[in-house]
Amino acid sequence: MPETKILITGASSGIGAALARSYARPGATLVLWGRDAPRLEAVAVECRRRGAAVMADPFDLRDMAAMAQRLAKCDAEGAIDLAIFCAGLGGIVPPDQFAQAPQLAQAMAEVNFTSPVVGAGIMSGAMAGRGRGQIVLVGSIAESFPLPMSPVYAGSKAGLAMFAEALAGRMTPHGVAVTLVSPGYIDTPMSQQLNKPRPFLLSADRAAEIIKRKLARRPLRIVLPWQFIWIRALAMLLPRPLLRRILRSA
Ligand SMILES: NC(=O)c1ccc[n+]([C@@H]2O[C@H](COP(=O)([O-])OP(=O)(O)OC[C@H]3O[C@@H](n4cnc5c(N)ncnc54)[C@H](OP(=O)(O)O)[C@@H]3O)[C@@H](O)[C@H]2O)c1
């Protein structure tokens, strides 16, 4: 198997941790980022047990300067082949409020949009210089739905989706693939907090398996589970006012 260097943000939990485990094998170097040091280290230990070389670095992705410096250093020490920006922050507006609390709104915008956009931009330059590489942005199926209960989450993910498609257009001629991953409900701490039905729920390990298999084909977009491909397509066919009314009543 060829040597591969893979960066995964949000590797201390959920989908990111499952992706780290699924890519862990002899010959793989994993750079794992998250905030919670003990949880991140537990994932690193599991990945080393599977034969990967692992560098785990706990820090807050909202510190853009720290992220930019780490990315540049990490890539200079050995070219990153695959950069997966998976970290994300969920949040629903409490029923007795009109909008997300300002601090949480800012954190969600930074973690879900600004940080992956800045990170992917840095990786784009490095990878284009080599004429190869793959950038993965983990969005959400929420990017296609104007969700009244979580406007910041839906908006930040919609922005990320547009960024991913636009960046793909710019990077493809330079040999760099850009893929947007749009998950539906995946059984992780983020969705466990929702306290509502989670149709077509997938485990994080199953989601990672699907994402990894599909990423090998370097597609523009991955929607999972498959049922959401159809739900999204049908929703896009609905007149917007009707879609908004359905979402309001749901
Ligand atoms: N689960 C779902 O149903 C679902 C559906 C659609 C999209 N997604 C997307 O999938 C991605 C992964 O989510 P998940 O379900 O695996 O959620 P999760 O289990 O809550 O994991 C989120 C990850 O993001 C990291 N993170 C959050 N804020 C951070 C910050 N400021 N700095 C550094 N790292 C930070 C967390 O680190 P710490 O835990 O160490 O703080 C954690 O590793 C997210 O982008 C999410 O929006 C999930």
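Above this text sits the structure in question.
Right, let's walk through the structure included here. (Residues numbered from 1 in each chain as written. Predicted model: local features only at pLDDT ≥ 70, side-chain atom pairs only at ≥ 80, totals over all residues. Heavy atoms only, no water.)

1. Some details on the packing of aromatic side chains
Geometry of an aromatic ring pair is reported as the spacing of the ring centres plus the angle between the planes.
In step 1: Across all of its chains, the model carries three aromatic pairs by this definition.
In step 2: For the ring pair Trp33 and Phe59, a centre distance of 4.9 Å and an interplane angle of 75° mean the geometry is edge-to-face. Remark: Phe59 occurs in the loop between β3 (53–58) and α3 (64–77) and Trp33 occurs in strand β2 (residues 28–34); sequence separation between them is 26 residues. Of the two residues, Trp33 and Phe59, both sit in the buried class.
In step 3: Ring geometry for Tyr185 against Phe228: centres 6.1 Å apart, planes inclined by 65°, an arrangement best described as edge-to-face. Here Tyr185 is found in the loop between β6 (176–183) and β7 (186–187), whereas its partner Phe228 is found in helix α8 (residues 227–237), with 43 residues between them in sequence. An identical accessibility class is assigned to Tyr185 and Phe228; each is buried. (Phe/Tyr/Trp six-rings, centres within 6.5 Å; stacked < 30°, edge-to-face > 60°. Helix = DSSP H or I, 4+ residues; strand = E, 2+ residues; numbered from the N terminus. Buried < 20%, exposed > 50% of the residue type's maximum accessible area, 1.4 Å probe, protein only.)

2. Quick word on the sheet that holds β2
In step 1: Strand order in this open sheet of seven strands is β3-β2-β1-β4-β5-β6-β9, and the pairing throughout is parallel. Strands at the two margins of the open sheet, each flanked by one partner only, are β3 and β9 (221–224). Averaged over all adjacent pairs, the angle separating strand axes in this sheet is 15°, with direction ignored.
In step 2: Direction of pairing for β6 relative to β9: parallel, over a ladder of four bridges. By the bridge assignment for β9, Leu180 is matched with Arg221.
In step 3: Packing against the sheet, helix α4 (residues 102–130) makes contact with β4 (82–85), β5 (133–138) and β6, and its axis sits at approximately 170° to β5.
In step 4: Most of the contacts of helix α5 (residues 151–171) go to β6, to which it runs at about 160°, and overall it touches β5 and β6. (Pairing = 2+ DSSP bridges. Axes fitted to C-alpha atoms, helices over the stretch in contact; angles between N-to-C directions. Contact = heavy atoms within 4.5 Å.)

3. A word on the nonpolar core
In step 1: Leu30, Leu32 and Ile84 are the most contacted members of the largest nonpolar core, which totals 35 residues.
In step 2: Counting residues per element, the ones that place at least two in this core are β1 (4–9), α1 (14–23), β2, α2 (37–49), β4, β5, α7 (204–215) and β9.
In step 3: Ignoring sequence-local partners within four residues, the contact set of Ile84 consists of Ile6, Leu7, Ile8, Thr9, Leu19, Tyr23, Val136, Val138 and Leu215.
In step 4: With 30 residues, the next largest nonpolar core counts Met67, Ile80, Ala161 and Val178 among its residues. (Core = buried A, V, L, I, M, F, W, Y, C linked by side-chain atoms within 4.5 Å.)

4. Re the site of the ligand
In step 1: For the ligand, the set of nearby residues contains 30 residues, the closest of which are Ser12, Ser13, Asp36, Tyr153 and Thr188.
In step 2: In the complex, the protein chains occlude 94% of the 900 Å² of accessible area that the ligand would expose alone.
In step 3: At the level of elements, α1, α5 and α6 (189–192) are the ones that each hand at least two residues to the shell around the ligand.
In step 4: By residue number, the principal contributor to the shell around the ligand is α6, which donates three residues.
In step 5: Looking at the shell around the ligand residue by residue, the classes come out as 14 nonpolar, ten polar and six charged. (Near = heavy atom within 4 Å. Areas by Shrake-Rupley, 256 points an atom, 1.4 Å probe, with all protein chains shown as cover. Nonpolar A, V, L, I, M, F, W, Y, C, P; charged D, E, K, R; others polar.)

5. Some remarks on α3
In step 1: Its 14 residues give α3 an end-to-end C-alpha distance of 20 Å, which sits within 8% of 20 Å, the value for a rise of 1.5 Å per residue.
In step 2: Those residues of α3 lying buried are Ala66, Met67, Leu71, Cys74 and Asp75. Seen end-on, α3 carries its buried residues on one side only, within an arc spanning 150°. Summarising the geometry of α3, the exposed residues directed more than 90 degrees from the buried face are Ala65, Gln69, Lys73, Ala76 and Glu77.
In step 3: Buried residues along α3 sit in contact with β1, β2 and α4. (Expected span 1.5 Å × (residues − 1). Arc of directions from axis to C-beta.)

Fair warning: the whole summary comes from geometry, so function is off the table for now.
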